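Understanding the architecture of this molecule
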Amino acid sequence: MSYYACIAITHLLLVWTAIQCNITAATNTGIMYRLQVEHGLGLVLFGFLYVFLYVHLHPRFELRSSVIVHKISPMSCNSSKTQQGLARDVLRHKRPIPNSVVLAISVCGNRVQEALVMLKSAIAFSRQKLHLVLMTEDEIIPKLRDVMLGWPPTFMNRVTLEFHPISYPDYVNQTEWRGLYRLCSTHKLFIADILRHIDAVILLDTDVLFLRPPEEFWEHFSRMNSHQLMGLTVETELPGQGWYPRHVRGFPIYRDQDDLYLYPCEWNFRTNQCNRLERCRSVESKGVGVLHGIAGAFHKRGQKNKIAYMPIYRTVDEFTLGNSLRSGLLEPMKFWLKRLPATVWCTQVQDILILGLERFINETES
């Protein structure tokens, strides 16, 4: 029933109650007081009903909540209708849809386009439902939402979006933590406080790309024991190597602990792992699952030591969802990677970089 129909019925009930009260009072003075009380209570109840309907059904009334879930509606591609569908699908605090892969990112500053490219890669390769938790600033929400509303309904009808403001718990100094490192970086440390309604989530940086289905990454949750609260991957498989052990003194380095799950480095393949492939042996047989463009590796234009990550990122950025993964992604990646000079970082492992993607396409596209 529409909002206006409900309000019309409520108005009629209010008028009918008032008329009944006056008629009874005039015809039977012996029971006038009792009826006035009863009808008075009826007016109060109908008043509450009126307010309830106004708050919950009025199209212009927006419920304020720290958690808002936007379910992308697979409607017409017409912009105005799509926006109306989105407005109708605004839900309150809610758990992700069952059997969804839950991905979370923080998006601040100039990271909007990078975040959209990452999300596109996740959606393009996934065959399951995705619940995307976007922790961002108010002015960035329309930029993310409007682009994603333009993606094909055949993909977006499997996707739900949940937006959170960039905020910190009351027990920390928000100003101090917000400026402690790069914008939004420290915000991720409080993910357990922010997403109390979610049991499991993959927390991602914006400068990553999926090159294999996210659900393969999600499967590692089933391998965690009851004591393991989170999973991580080592920076390198070589003892004593890596940037932190070599350059940062006194920095706490991970050691084997019962409450940490160690997942394969194929799900966090970094540029430093290109020159010494033995640092991540699993990619030789499975290929890269998540490509991590650390230190601006996706964008270092004009520098002598360019990185082979750049054409991969650019190809995903220019890819249109719904087009063939083979002709729209794989073939352009191969084309540009083979034309990079040998001095470019990671060219010596270019086949490894796209091995997982190529296998996935061979399995899904004939």
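A brief look at the structure comes next. (Residues numbered from 1 in each chain as written. Predicted model: local features only at pLDDT ≥ 70, side-chain atom pairs only at ≥ 80, totals over all residues. Heavy atoms only, no water.)

Quick look at the side chain of E162 now. Note on placement: E162 falls in strand 5 (residues 159–165). Of the polar contacts made by the side chain of E162, one reaches the side chain of H164; its length is 2.6 Å. (Helix = DSSP H or I, 4+ residues; strand = E, 2+ residues; numbered from the N terminus. Polar contact = N/O pair within 3.5 Å; in protein donor to acceptor, adjacent residues only side chain to side chain.)

Per the counting criterion, the structure on display carries two disulfides. Disulfide partner of C265: C280, at an S-S distance of 2.3 Å. Judged by the sign of its S-S torsion, about 110°, the bond between C265 and C280 is right-handed. On the criterion of sequence distance, the pair formed by C265 in the loop between strand 9 (260–262) and helix 11 (283–286) and C280 in the loop between strand 9 and helix 11 is long-range, its members being 15 residues apart. In this pair, the class of C265 matches that of C280, namely buried. (Disulfide = S-S within 2.5 Å. Buried < 20%, exposed > 50% of the residue type's maximum accessible area, 1.4 Å probe, protein only.)

All right, on to the environment of Q348 then. Looking at where Q348 falls in the secondary structure, it is placed in the loop between helix 13 (325–338) and helix 14 (350–353). Note on Q348: relative accessible area 49%, which makes it partly exposed. Along the backbone, Q348 and C274 are 74 residues apart, and their C-alpha atoms lie at a distance of 7.6 Å. Setting aside anything within four residues of it in sequence, one finds Q348 in contact with C274 and N275. (Contact = heavy atoms within 4.5 Å.)

Another aspect to go through is the side chain of N268. Mapping N268 onto the fold places it in the loop between strand 9 and helix 11. There is a polar contact of 2.8 Å between the side chain of N268 and the side chain of H292. Apart from the residues within four sequence positions on either side, N268 is in contact with T233, Q273, V290 and H292.

As a further point, take the environment of D193. Tracing the backbone shows D193 in helix 8 (residues 191–194). Each C-alpha atom of the pair D193 and P169 lies 7.2 Å from the other, and the pair is 24 residues apart in sequence. Once residues within four sequence positions are removed from consideration, D193 is found in contact with P169 and Y171. A polar contact is formed between the side chain of D193 and the side chain of R196, at a distance of 3.0 Å.

Before going further, it helps to examine the packing of aromatic side chains. Enumeration according to the criterion identifies 10 aromatic pairs in this entry. For the pair F298 and Y309, a centre-to-centre distance of 6.1 Å together with 40° between the ring planes defines the contact as tilted. Separated by 11 residues along the polypeptide, F298 in the loop between strand 10 (290–292) and helix 12 (309–318) and Y309 in helix 12 bring together distant segments of the chain. For the pair formed by F298 and Y309, the shared burial category is buried. Summarising the aromatic geometry, the rings of F335 and W336 are spaced 5.1 Å apart at their centres and angled 90° between planes, so their arrangement reads as edge-to-face. Classification of W336 by relative accessible area gives partly exposed; the value is 39%. A network of ring pairs unites the aromatic residues Y168, Y171, W177 and F190 as a single cluster. In this structure, R314 packs its charged tip against the face of W336, placed 5.0 Å from the ring centre. (Phe/Tyr/Trp six-rings, centres within 6.5 Å; stacked < 30°, edge-to-face > 60°. Lys NZ or Arg CZ within 6 Å of the ring centre and 35° of its normal.)

Time to look at unusual backbone geometry. You will see that A295, though not glycine, has its phi angle at about 55°, which is positive. You can see A295 is positioned in the loop between strand 10 and helix 12. The phi dihedral of C346 falls on the positive side, at around 75°, and the residue is not glycine. Mapped onto the secondary structure, C346 falls in the loop between helix 13 and helix 14. A relative accessible area of 0% places C346 in the buried class.

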